[in-house]
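Overview (structure and organization)
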Amino acid sequence: MFNKLCIIGVGLIGGSIARAARQNNLCTTISAYGREEDLSNLQRAQELKVIDSYSLEMAEAVANADCVIIATPVGAMAGIFKQLAPFWSEKVLYMDAGSTKGNVVTALTEVFTAMPPNFVPAHPIAGAENSGVDAALTDLFQRKRVILTPCVQTDKGFVQQAARFWQGLGSTVSYMLVEQHDTVLAATSHLPHIIAFVLVDLLGKKDEQDEIFKYAAGGFKDFTRIASSDPTMWQDICLANKQQIIPLIEQLCSELNSVKKMLQHNQTQALCDTFTYARNARQRFLDQHNNMTQSITFTVQAGGHLQGQVRVPGDKSISHRSIMLGSLAEGVTHVSGFLEGDDALATLRAFQAMGVKIEGPEKGQVTIHGVGLDGLQAPKEPIYLGNSGTSMRLICGLLAGQKFDAILTGDKSLSGRPMRRVTDPLAKMGAVIESTENGTAPLTIRGQSNLQGIHYDMPIASAQVKSCLLLAGLYAQGETSVTEPAPTRDHTERMLSGFAYPVKKEGNQVTISRQGKLNATDIDVPSDISSAAFFLVGASIAENSDLTLQHVGINPTRTGVINILQLMGANIELLNQRAVGGEPVADIRVRSAALKGIAIPEEFVALAIDEFPVLFVAAACAEGTTILTGAKELRVKESDRIQVMADGLQILGVDAQPTEDGMVIKGGTIGGGSVISHGDHRIAMSFAMAGLRATSTIEIQDCENVNTSFPGFAVLTKKLGLNISTQEG
Ligand code: S3P
């Protein structure tokens with residue numbers, strides 16, 4: 001990328017940039033600049049081959065460099081800019097690597113009168129407690145975030161070049177405004193460092209210090225780890241960002257003062273509320289932001305086959321419902337085979353937040369201490385449901401008839417999904433639910449004790465809408481009945497019967513009313529056919545495959561994928577068919593087969609609604625054309641699955657044409673390339689399977705949500721024969 005890279009300040013950060021740039025072939029030579037007093041460090045850097053040359057003269061160090069990175073402490077940068085000014089070149093990319101950005105921009109503006117267009121402020125969120133070039137690491141920036149804070153004056157070409165450079169070092173690049181960066185970092189990094197330093201300072205000065213440190217347990221060590229950081233660097237950072245830090249220190253003092261008062265006045269409840277709020281907020285932040293901070297990329301090498309026996313994780317739909325009905329039942333429900341994926345866990349946490357005691361999951365075992373139909377308690381905070389549409393729509397129905405209010409929130413994808421399909425019919429029952437103007441989450445549900453049963457003709461075939469209304473019907477006066485335009489999964493009805501609650505099914509109509517109670521029962525969750533579907537397609541398209549999927553749920557409202565694949569010529573056998581707790585189950589053997597394109601019968605659409613992403617991959621490998629129609633619903637799933645799959649397939653060289661309600665795919669060769677799953681678990685796993693028939697490597701970005709339905713997907717799939725690796729960043 002560059003001929004000569006010049007690093008100003010070869011410490012931990014500068015040295016690590018140099019090491020990583022060399023390792024990743026991003027430059028031919030590396031020079032360094034330092035002051036007289038840095039001489040021994042510079043010599044050491046050369047000895048370690050971190051740099052090729054150094055100079056104590058700025059002119060010499062930067063001569064002919066096409067990229068200059070200033071990695072000095074932030075306090076030294078103003079001086080460096082002055083020294084650099086006489087040798088400044090408009091063709092060179094300049095960056096810093098400092099932890100504050102406002103002071104860098106101010107210093108540059110002072111020296112150059114305006115922000116130079118070829119300076120891209122950068123902050124790699126990486127570090128270590130050690131300092132100096134000896135501590136420099138080649139992989140310090142691997143899978144770490146780098147924040148670029150370009151200004152209006154910054155040239156886009158240089159910004160792109162900077163982003164490519166950091167990506168080349170293995171980092172994920174994000175963009176922020178300068179001020180936003182400093183405000184966020186003051187709260188999340190600078191203040192915690194100050195607190196850690198101050199706490200150790202306070203305790204260290206106490207007479208009994210020996211005792212204190214001798215007995216310092218995990219909490220103290222965890223909490224003060226960052227007080228081992230470089231004091232000079234932190235003194236610099238704090239001074240540079242004091243404008244943002246001082247108000248935070250004031251807020252912290254006042255928080256500490258209120259805790260002091262709670263203790264002085266024995267305000268047990270207030271103290272407990274403060275701690276509880278903090279604990280829950282932390283859990284929420286972790287839940288919500290894990291996905292954002294840890295982006296996961298799959299890399300799948302072309303080829304391979306799938307062989308062996310495997311039990312894929314538990315059914316997502318049944319896992320959700322086991323928690324919901326188990327919570328509303330009287331007595332203790334034991335669940336086995338529970339899906340420990342983020343979606344089902346969101347439901348589990350939601351009921352815990354409403355006062356239900358739930359133990360586990362532990363190896364798929366969950367114990368629910370049911371509170372009865374009227375035993376739920378008001379949640380203390382909004383309930384966060386992550387990516388899970390099923391949780392939001394079903395819980396919404398359940399909450400409509402409670403004696404309390406609740407707020408349901410979700411991640412970006414869930415907050416964009418249509419909720420009127422449930423809030424409209426619920427409103428007809430007398431529910432009071434507030435949503436955004438677009439009818440999306442957050443949903444504020446004002447519990448009503450006077451819900452009225454209705455009859456609802458569903459305009460779309462949706463098991464979530466049907467289930468939502470049936471759950472609301474548990475609390476409504478009179479009968480609630482729903483008719484569906486096409487059969488959809490009937491797990492709610494089956495499980496209600498399993499809990500000995502009467503549900504009437506006549507043709508395409510289901511009816512429920514408020515009578516009696518749910519009796520706790522044991523639930524054995526079969527493997528999810530929607531997760532098995534990836535392997536049904538994978539083993540069909542990859543030569544020499546022979547795979548048996550054990551204990552898979554084959555409820556006829558879910559087996560559209562098998563019907564469609566068999567129509568395409570797949571070799572699928574159902575073995576050892578049996579019934580487990582009201583749900584049909586089988587082992588499924590699948591072997592490679594030459595698939596042919598078909599027009600997918602519309603009657604199978606609702607029965608295979610979650611499996612189309614991977615069926616599109618099957619179609620791409622089939623001989624001839626596959627046409628899907630009548631599947632508009634795919635556009636409002638976790639992503640717009642028609643568009644996102646068509647985009648990805650086209651990147652891989654497949655002739656895939658999206659239509660309003662489906663897709664036309666001409667089977668052929670799948671090439672390599674980099675595709676984006678848009679945070680949709682099923683898209684990510686589908687493209688992973690495409691690797692089995694690809695001609696070169698497929699990279700799939702944004703795969704973190706695979707954990708919503710299939711934790712351990714990559715590890716399991718690798719064992720079975722797919723050459724897949726995972727990168728976190
Ligand atoms: C589900 C129903 C389906 C399905 C979803 C799970 C359920 O959604 O796509 O993954 O558990 O009821 P729709 O009801 O929106 O079709």
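Just so it is clear, the structure is predicted and the values come from calculations on it, not from any experiment.

**Considering the overall build of the chain**
- Across its full length, the chain carries 24 helices and 32 strands.
- For 729 residues, the compact-globule estimate of 2.2 N^0.38 gives 27 Å, and the C-alpha radius of gyration of the chain, at 30 Å, lies within 12% of that figure.
- Taken along the three principal axes of its C-alpha coordinates, the chain extends 90 × 75 × 50 Å.
- Across the chain, contacts joining residues at least 24 apart in sequence account for 75% of those joining residues at least 6 apart.

**Side note on the site of the ligand**
- What surrounds the ligand is the set S317, R321, T390, R393, R421, S462, A463, Q464, R489, I609, D610 and K637.
- At a separation of 3.0 Å, an oxygen atom of the ligand approaches a polar backbone atom of A463.
- Contacts to the ligand include Q464, whose backbone N or O atom sits 2.8 Å from an oxygen atom.
- Expressed as a share of its isolated accessible area of 380 Å², the protein-covered part of the ligand is 96%.
- Looking at the shell around the ligand, the elements with two or more residues in it are α13 (316-328), α15 (389-400) and α17 (463-473).
- Looking at the shell around the ligand residue by residue, the classes come out as two nonpolar, four polar and six charged.
- For the shell around the ligand, the domains that each give at least three residues are domain 3 (296-310 + 526-728) and domain 4 (317-524).

**Things to note about the pattern of salt bridges**
- According to the stated counting rule, one finds 29 salt bridges in the structure shown.
- Of the charged contacts, one joins R446 and E434 as a salt bridge, the two residues approaching to 2.8 Å between their closest N and O atoms. Highlighted residues: R446 in strand β18 (residues 443-446) and E434 in strand β17 (residues 432-434), separated in sequence by 12 residues.
- Counted as one network, the salt bridges with shared partners bring together R417, R489, D610, E638, R641 and D680.

**Details of the nonpolar core**
- The biggest cluster of nonpolar side chains holds 83 residues, and the ones touching the most others in it are F298, F535, L549, L565, F612, I700 and F713.
- Contacts of F713, omitting those with residues within four sequence positions, involve F298, F535, M685, A688, M689, V706 and I724.
- Membership of the second largest hydrophobic core comes to 67 residues, among which are M419, L426, M429 and A476.

**Observations regarding the domain arrangement of the chain**
- According to the domain assignment, the chain consists of domain 1 (2-176), domain 2 (184-266), domain 3 (296-310 + 526-728) and domain 4 (317-524).
- Using only C-alpha atoms to locate each centre, domain 1 and domain 2 end up separated by 30 Å.
- Taken residue by residue, the interface counts 13 residues in domain 1 and 11 residues in domain 2.
- For the pair domain 1 and domain 2, the summed buried area comes to about 860 Å², and 68% of that belongs to carbon and sulfur atoms.
- Scanning the region where domain 1 abuts domain 2 turns up zero salt bridges.
- Grouping the constituent residues of the side of domain 1 that touches domain 2 by class yields six nonpolar, six polar and one charged.

**Focus: unusual backbone geometry**
- Note the cis peptide between G360 and P361, where omega equals 0°.
- Following the sequence through the fold, P361 ends up in strand β13 (residues 357-362).
- In the segment running from A441 into P442, the intervening peptide bond is cis, with an omega of 5°.
- Secondary-structure assignment places P442 in the loop between β17 and β18.
- With a phi angle near 55°, N576 is a residue other than glycine that sits in the positive phi range.

**Examining helix α14 (residues 342-353)**
- Helix length check: α14, at 12 residues, gives a terminal C-alpha distance of 16 Å against a target of 16 Å (1.5 Å per residue), a fit within 8%.
- By the burial criterion, the buried members of α14 are D343, A344, L345, A346, T347, L348, A350 and F351.
- Here the buried face of α14 lies against α13, β13, β14 (365-371), β15 (383-384) and α15.

**Describing α15**
- End to end, α15 covers 17 Å across 12 residues, agreeing with the expected 16 Å (1.5 Å per residue, within 8%).
- Counted residue by residue, α15 has 12 buried out of 12 residues, so it is predominantly covered.
- Within the sequence span of α15, burial applies to G389, T390, S391, M392, R393, L394, I395, C396, G397, L398, L399 and A400.

**Quick word on the sheet that holds strand β1 (residues 2-8)**
- The parallel open sheet is built from six strands, whose spatial order is β3-β2-β1-β4-β5-β6. Across the chains shown, the open sheet's two edge strands, defined by having one partner strand only, are β3 (53-55) and β6 (119-120).
- As judged from the two bridges shared by strand β5 (residues 93-96) and β6, these two strands associate in the parallel manner. The partner of M95 across the bridge, within β6, is V120.
- Lying on the sheet, helix α2 (residues 39-47) is in contact with β2 (27-33) and β3; it crosses β3 at an angle near 165°.

**Description of the environment of T367**
- Mapped onto the elements, T367 comes out in strand β14.
- Taking the C-alpha atoms as reference points, T367 and H334, separated by 33 residues in sequence, lie 4.6 Å from one another.
- In contact with T367, not counting residues within four places along its chain, are V332, T333, H334, K357, I358 and E359.
- In terms of polar contacts, T367 uses its side chain to reach the side chain of H334, at 3.5 Å.

**Thoughts on the pairing of strand β12 (residues 330-336)**
- As paired strands, β12 and β14 are joined by six bridges and run antiparallel to one another. Its bridge partner lying in β14, V335 is registered against V366.
- Of the strand pairs in this sheet, β12 and strand β23 (residues 522-524) are connected by three bridges, and their pairing is parallel. Bridging from a neighbouring strand, V335 pairs with I523 of β23.

**A word on the environment of L547**
- Along the chain, L547 falls in strand β24 (residues 546-553).
- Taking relative accessible area as the criterion, L547 reaches 0% and is therefore assigned buried.
- Spatially, the C-alpha atom of L547 lies 9.2 Å from that of S592, the residues being 45 residues apart in sequence.
- Apart from residues lying up to four places away in sequence, L547 is in contact with L306, Q307, G308, F535, A539, I588, R589, V590 and L720.

**Points about the sheet that holds strand β7 (residues 122-124)**
- The three strands are arranged β7-β8-β9 in an open sheet whose pairing can be described as mixed. Each edge of the open sheet carries a strand with a single partner, namely β7 and β9 (172-175). Direction aside, neighbouring strands of the sheet carry axes that sit 25° apart on average.

**Remarks on the packing of aromatic side chains**
- Under the counting rule described, the total for this entry stands at 12 aromatic pairs.
- Seen in terms of ring centroids, F534 and F713 are 6.3 Å apart; in terms of plane orientation they differ by 70°. Their pairing is edge-to-face. Taken together, the positions of F534 in helix α19 (residues 529-541) and F713 in helix α24 (residues 713-720) put the pair 179 residues apart, joining distant regions of the chain.
- Take F534: its relative accessible area is 1%, and that puts it in the buried class.
- Given the relative accessible area of 1%, F713 is considered buried.

**Let's talk about the packing of helix α7 (residues 178-204) against helix α11 (residues 242-264)**
- Following both chains from N to C, one finds α7 and α11 inclined at 50°, their axes separated by 9 Å at the closest point. Regarding the angle of α7 to α11, the classification is oblique. In this structure, α7 crosses over α11, and the sense of that crossing is right-handed. Residue-level inspection shows E179, D182, T183, A186, A187, H190, L191, I194 and I195 of α7 in contact with α11, the latter providing Q244, I245, L248, I249 and L252.
- Among the residues forming the contact of α7 with α11, the class breakdown is nine nonpolar, three polar and two charged.

The rules behind these values
- Residues numbered from 1 in each chain as written.
- Predicted model: local features only at pLDDT ≥ 70, side-chain atom pairs only at ≥ 80, totals over all residues.
- Heavy atoms only, no water.
- Helix = DSSP H or I, 4+ residues; strand = E, 2+ residues; numbered from the N terminus.
- Rg over C-alpha atoms; globule rule 2.2 N^0.38 Å.
- Contact = heavy atoms within 4.5 Å.
- Near = heavy atom within 4 Å.
- Polar contact = N/O pair within 3.5 Å; in protein donor to acceptor, adjacent residues only side chain to side chain.
- Areas by Shrake-Rupley, 256 points an atom, 1.4 Å probe, with all protein chains shown as cover.
- Nonpolar A, V, L, I, M, F, W, Y, C, P; charged D, E, K, R; others polar.
- Domains from an automatic or database assignment.
- Salt bridge = Lys/Arg side-chain N within 4 Å of Asp/Glu carboxyl O.
- Core = buried A, V, L, I, M, F, W, Y, C linked by side-chain atoms within 4.5 Å.
- Buried < 20%, exposed > 50% of the residue type's maximum accessible area, 1.4 Å probe, protein only.
- Buried area = accessible area lost by both parts, 1.4 Å probe.
- Expected span 1.5 Å × (residues − 1).
- Pairing = 2+ DSSP bridges.
- Axes fitted to C-alpha atoms, helices over the stretch in contact; angles between N-to-C directions.
- Phe/Tyr/Trp six-rings, centres within 6.5 Å; stacked < 30°, edge-to-face > 60°.
- Parallel < 35°, antiparallel > 145°, perpendicular 65-115°, else oblique.
- Left-handed = near helix turned anticlockwise from the far one by under 90°.

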